[in-house]
Amino acid sequence: AAYWVLRIREYCLARNAHFLVVPAPWVNQIESPQLSGNYPGQFSNVLEATGLEYLDPIDDFATAHLTTSLASRRVGKVPTGCSLFNGRLGDAHFSAAGSRVWAAAVGRRLELLIEKRLASEDVFTRATTGRRIVEPPEVPQNATIHQ
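Residues numbered from 1 in each chain as written. Predicted model: local features only at pLDDT ≥ 70, side-chain atom pairs only at ≥ 80, totals over all residues. Heavy atoms only, no water.

Q: Where do I start with the overall build of the protein chain in this structure?
A: From N to C terminus, the protein chain includes five helices and zero strands. Seen in sequence order, the protein chain has helices and strands lined up from the N terminus as α-α-α-α-α. A total of 147 residues make up the protein chain; the buried ones form 25% of that total. In the protein chain, of all internal contacts separated by at least 6 residues, the share reaching a separation of at least 24 is 61%. Accessible area of the protein chain: about 10,700 Å², with a carbon and sulfur share of 57%. (Helix = DSSP H or I, 4+ residues; strand = E, 2+ residues; numbered from the N terminus. Buried < 20%, exposed > 50% of the residue type's maximum accessible area, 1.4 Å probe, protein only. Contact = heavy atoms within 4.5 Å. Areas by Shrake-Rupley, 256 points an atom, 1.4 Å probe, with all protein chains shown as cover.)

Q: How should the packing of aromatic side chains be read in this particular structure?
A: Centre distance and the angle of the planes are the two values used to describe a pair of aromatic rings. Across all of its chains, the model carries five aromatic pairs by this definition. Between Phe 94 and Trp 102 the ring centres are 5.4 Å apart and the planes differ by 45°, which places this aromatic pair in the tilted class. Members of the aromatic cluster, joined through ring pairs, are Phe 61, Phe 85, Phe 94 and Trp 102. (Phe/Tyr/Trp six-rings, centres within 6.5 Å; stacked < 30°, edge-to-face > 60°.)

Q: Could you clarify how one ought to interpret empty space enclosed by the protein in this entry?
A: If a probe the size of a water molecule is rolled over the atoms, the empty space left behind becomes visible. According to the stated counting rule, one finds one cavity of 30 Å³ or more in the structure shown. Empty space within the largest cavity amounts to approximately 40 Å³. Along the walls of the largest cavity sit Pro 23, Ala 24, Pro 25, Gln 29, Gln 34, Tyr 39, Pro 40, Asp 56 and Ile 58, which together make up its complete lining. Classifying every residue of the lining of the largest cavity gives six nonpolar, two polar and one charged. (1 Å grid on protein atoms, 1.4 Å probe; cavity = no way out; pocket = protein on both sides within 12 Å on 5 of 7 lines; lining within 4 Å. Points joined across faces, edges and corners; volume = space filled by probe spheres on them. Nonpolar A, V, L, I, M, F, W, Y, C, P; charged D, E, K, R; others polar.)

Q: Please explain helix α3 (residues 37–46) as it appears in this structure.
A: Within an α-helix, residues lying three or four positions from one another point in the same direction, as the helix has 3.6 residues per turn. Of the residues making up α3, those classed as buried are Pro 40, Gly 41 and Phe 43. Check the buried side of α3 and you find it contacts α1 (2–14) and α2 (27–31).

Q: Help me understand unusual backbone geometry, please; the structure alone is not making it clear to me.
A: Omega for the bond connecting Tyr 39 with Pro 40 falls within 30 degrees of zero, at 5°, which places this linkage in the cis form. Inspection of the secondary structure assignment puts Pro 40 in helix α3. Although it is not a glycine, Leu 35 adopts a positive phi angle of roughly 45°. The topology assignment puts Leu 35 in the loop between α2 and α3.

Take a look at the structure:
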């Protein structure tokens, strides 16, 4: 696996594309001892990814699981299993709720990585050309500004 992830990283870097590794948590890491030394621990040890390029969403999943479990209890239902996975179907993949947690965590990180790159490019452009990438709109001299 490390070989392929490193090849993917090289591919992304060569094309100036964002690279983000996100190990998928599994239900046992939520409901039982996390035991992350082997997974994702060993996996993260072989990567050449920076902390910005690596996202472990386990905390997001644990928080979402607690939130949904407590919400069920508040309305008198006893939660069975983890609603973030398809355990009731005999499938360990994410449920729709788990997919939403995954997408939110990954989306937040990618948004920040994109903003960071855009800010860096803006600083570089101003330093090399003396102007901003996107010039602010001009305000006519006779315009009245209301606050």
